[in-house]
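Single-letter residue listing:
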Amino acid sequence: MRRPGESQTKPDEPAKGPGQELVTQFVAGERDAFAQVFQLTRREVLFVVQRFFRSPFDQEEAFQEAWLQIYRMRQRFDVNRHAEFLPWARQVARYRCIDLIKARTRRPEVPVEEIELPQEASQLATAARSQLRQRLEAFVDKLDRQQREFFALCFAEELPHEEIARQMSISVRRCKYLKKKLLERMLRSPELRKARAST
Amino acid sequence: MSAHRRYRRLIRDCFADELTGEQQAALLQHLRQCDDCRAEYDLAATMLRAAAGRSPTRQEEQRWDSQLLARISGQTGEPQAAPRRARLPWLAPLAATLLVLIAVGVWLGRGKPNGRPGVQLRGGDGVVAPLVDLEVFAIDADRHPPTPRRIGQGGTVRLDEYLQFRYRNHSTRVRHLYLLGLDSRSEMLDYFPRPDESQSIAIEEALGPRAVARSIRLAQRHRPGTLWIYAVFSEEPLTRAEVHRKIQHPAVGGRRMDFGQGIYVVLRQITIADKEGP
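Remember, predicted model here, so these are calculated numbers, not experimental data.

(A) Molecular detail of the overall build of chain B. When its secondary structure is counted, chain B shows six helices and twelve strands. The buried share among the 278 residues of chain B stands at 32%. In chain B, once contacts between residues fewer than 6 apart in sequence are set aside, the share between residues at least 24 apart is 71%.

Structure, rendered in structure tokens:
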């Protein structure tokens, strides 16, 4: 099983921003240009969102909102300063995240970026994630051979159903059934729930 | 069944990719209001992220992409203006005549200035296809779990491995893909469409990489040596005969490919090593 974050670009890697032509097309509202700018910039925006929100659902909502805001505000960006597009997009995303947090009076959440995470707390979070991984591995060990193989292909490798069906010589329908069943078992597993609660 | 139980079921269906657009919207709306169900959703997402070793998972990314595209499309949808009565009755025929003249001019002038083919090559002679792309992965079936390994341009795979293709399609118009290999003996090996199909396969618009449904077992039909992989993306479906007639690799026929407008070709070159290879 891969470790979390292994396949991700590290935040300190220099990110390549879109070129002037692409930024100009994006500002003009061309949909294809948006798709390309999104590809080049999505990870940067995701890092901003993940610093503000820990919950996957909140991350999903904030990521969408941040991108909608970038799209809405695109005409305010000076295309002659295309080299600064990435910092600009990050800043728009950051402000949108702050707005979302302010709007949530019902369930306030302190932005991670706004507080200095003590080293100890950060280490605890890492330890909790590591514990969740270990529990997941223990969970997989208890599965039968077919389920283990399915778990690896579906949840670890994230292959499409058709590919899993072909590799395991089962139907796509059976794949979907196994996926739901395994997810159900994971969600019901007290060990996994406990490990998740501490992350 | 209580509302919460129904939404818990929808959460499982959501992660199994079995929700319709309406169900998805209803679930999201409920999650915004219900802390318990949101906690269940977060639990499922966190476990899947831990299993995949990435945050967010590929499936989540795809879902986010399509949701975002839908929302952006909703924003760009201009309201239709009500038809207005023409104040200048002679203007429409004049505009139509001008348009016809421009169209004729464009048609007469096409292809003349530099004879450059309407094909955009990646990995070819420097002309870049920005809208579409193809990534090649090798899968070692003996390894448990089988882990796809990305093969870059000129990379090497073993004959006992599988090839997996992942495409990117940023275009709103490109909807078909034809994938084939050309080995060092100039033999064409159709990957998609399958032998029993006659046209290129349908693909979707995808901001992130999408895996093509089936992997290719190299032990069948392939032999050690260089393999060129052609991904022909098109707006309209292409037949096998059309693609085979037009693909002429520089190393084979010395001629350039000229597919025409609206068609993008991505070329990848890899090397197949014997089973005892790298």
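Okay, back to it.
(B) Structural context of the overall build of chain A. Each helix and strand counted, chain A has nine helices and zero strands in total. Ordering the α and β elements of chain A from the N terminus gives α-α-α-α-α-α-α-α-α. Summarising the internal contacts of chain A: among those between residues at least 6 apart in sequence, 59% fall at separations of at least 24.

(C) How the structure looks around the nonpolar core. Grouped together as the largest cluster of nonpolar side chains are 73 residues, with contacts concentrated most on Ile 11, Tyr 230, Ala 231 and Val 232 of chain B. Looking at this core element by element, the count peaks at nine residues for helix α3 (residues 35-52) of chain B. With near-sequence residues (within four places) excluded, Ala 231 of chain B lies in contact with Leu 134, Tyr 167, Leu 177, Leu 179 and Val 266 of chain B. Counting residues in hydrophobic clusters, the runner-up holds 30 residues, among them Leu 22, Ile 70, Phe 85 and Val 92 of chain A.

(D) View of the confidence of the model for chain A. Residues and elements named next belong to chain A. In the predicted model, chain A carries a mean pLDDT of 79, and the fraction of residues at 70 or more is 78%. When pLDDT is averaged over each helix and strand of chain A, the minimum, 72, is found for helix α5 (residues 119-141) and the maximum, 92, for helix α3 (residues 56-72). This model gives residues 1-12 a pLDDT under 50, and the stretch forms 21 contacts once residues within four places in sequence are excluded. Contacts for the low-pLDDT stretch residues 110-119, under 50 throughout, to residues beyond four places or in other chains number eleven contacts.

(E) Highlighting the pairing of strand β5 (residues 162-169) of chain B. Residue and element names in this part refer to chain B. In terms of burial, β5 is a largely internal element, seven of the eight residues being buried. Note that strand β2 (residues 132-139) and β5 share eight bridges and pair antiparallel. Across the sheet, the residue bridging to Glu 135 is Arg 166, located in β5. Bridge count between β5 and strand β10 (residues 216-217): two bridges; the pairing is antiparallel. Counterpart to Leu 163 in the pairing with β10 is Ile 216.

(F) Structural view of the interface of chain A and chain B. Listed by partner, the interface residues are 51 residues for chain A and 47 residues for chain B. Per-element accounting of the side of chain A that touches chain B gives the leading share, eight residues, to α3 of chain A.

(G) Region of interest: the confidence of the model for chain B. Residue and element names in this part refer to chain B. Averaged over all residues, the pLDDT of chain B equals 75, while 74% of them reach at least 70. At the level of individual helices and strands, chain B shows its lowest average pLDDT in strand β1 (residues 121-122), which scores 41, and its highest in strand β4 (residues 156-158), which scores 90. Confidence drops under a pLDDT of 50 for residues 111-129, and excluding neighbours within four residues, the segment shows 32 contacts in the predicted structure.

(H) Examining the environment of Ala 152 of chain A more closely. Residue and element names in this part refer to chain A. Structurally, Ala 152 is set in helix α6 (residues 145-156). A count of 19 C-beta atoms within 10 Å places Ala 152 in the partly exposed class. The spatial distance from the C-alpha of Ala 152 to the C-alpha of Val 140 is 9.0 Å, given a sequence separation of twelve residues.

(I) Here's a closer look at the packing of helix α2 (residues 31-52) of chain A against helix α4 (residues 85-103) of chain A. Residue and element names in this part refer to chain A. Relative to each other, α2 and α4 sit at 30 degrees, their axes nearing to 9 Å. Considering the angle they form, α2 stands roughly parallel to α4. Judged by the sense of rotation from one axis to the other, the crossing of α2 with α4 is right-handed. Residue-level inspection shows Thr 41, Glu 44, Val 45, Val 48, Val 49 and Phe 52 of α2 in contact with α4, the latter providing Leu 86, Ala 89, Arg 90, Ala 93, Arg 94, Cys 97 and Ile 101. For the contact of α2 with α4, a count of residues per class yields nine nonpolar, one polar and three charged.

(J) Quick look at α6 of chain A. Residue and element names in this part refer to chain A. The terminal C-alpha atoms of α6, which comprises twelve residues, lie 15 Å apart, in line with the 16 Å expected from a rise of 1.5 Å per residue. Taken residue by residue, α6 has Phe 150, Phe 151, Leu 153, Cys 154 and Phe 155 as its buried positions. Looking at the residues trailing α6, positive phi occurs at Glu 158, about 60 degrees.

(K) Seen up close, unusual backbone geometry. Cis geometry is adopted by the peptide bond preceding Pro 56 of chain B, which originates at Ser 55 of chain B and carries an omega value of 0 degrees. With respect to the helices, strands and loops of the structure, Pro 56 of chain B is situated in the loop between α3 and α4 (58-76). Omega for the bond connecting Phe 192 of chain B with Pro 193 of chain B falls within 30 degrees of zero, at 10 degrees, which places this linkage in the cis form. Within the secondary structure layout, Pro 193 of chain B lies in the loop between β7 (188-192) and β8 (201-202). The phi angle at Glu 158 of chain A is positive, at roughly 60 degrees, despite the residue not being glycine. Examined against the element boundaries, Glu 158 of chain A turns out to sit in the loop between α6 and α7 (161-168). Classification of Glu 158 of chain A as buried rests on a count of 21 C-beta atoms within 10 Å. Not every positive phi belongs to a glycine, and Ser 169 of chain A is a case in point at roughly 55 degrees. You can see Ser 169 of chain A is positioned in the loop between α7 and α8 (172-188).

Cut-offs and rules
- Residues numbered from 1 in each chain as written.
- Chains lettered and ligands numbered in written order.
- Predicted model: local features only at pLDDT ≥ 70, side-chain atom pairs only at ≥ 80, totals over all residues.
- Helix = DSSP H or I, 4+ residues; strand = E, 2+ residues; numbered from the N terminus.
- Buried ≥ 20, exposed ≤ 12 C-beta atoms within 10 Å, placed from the backbone.
- Contact = placed C-beta atoms within 7 Å.
- Core = buried A, V, L, I, M, F, W, Y, C linked by C-beta atoms within 7 Å.
- pLDDT = per-residue confidence, 0-100.
- Pairing = 2+ DSSP bridges.
- Axes fitted to C-alpha atoms, helices over the stretch in contact; angles between N-to-C directions.
- Parallel < 35°, antiparallel > 145°, perpendicular 65-115°, else oblique.
- Left-handed = near helix turned anticlockwise from the far one by under 90°.
- Nonpolar A, V, L, I, M, F, W, Y, C, P; charged D, E, K, R; others polar.
- Expected span 1.5 Å × (residues − 1).

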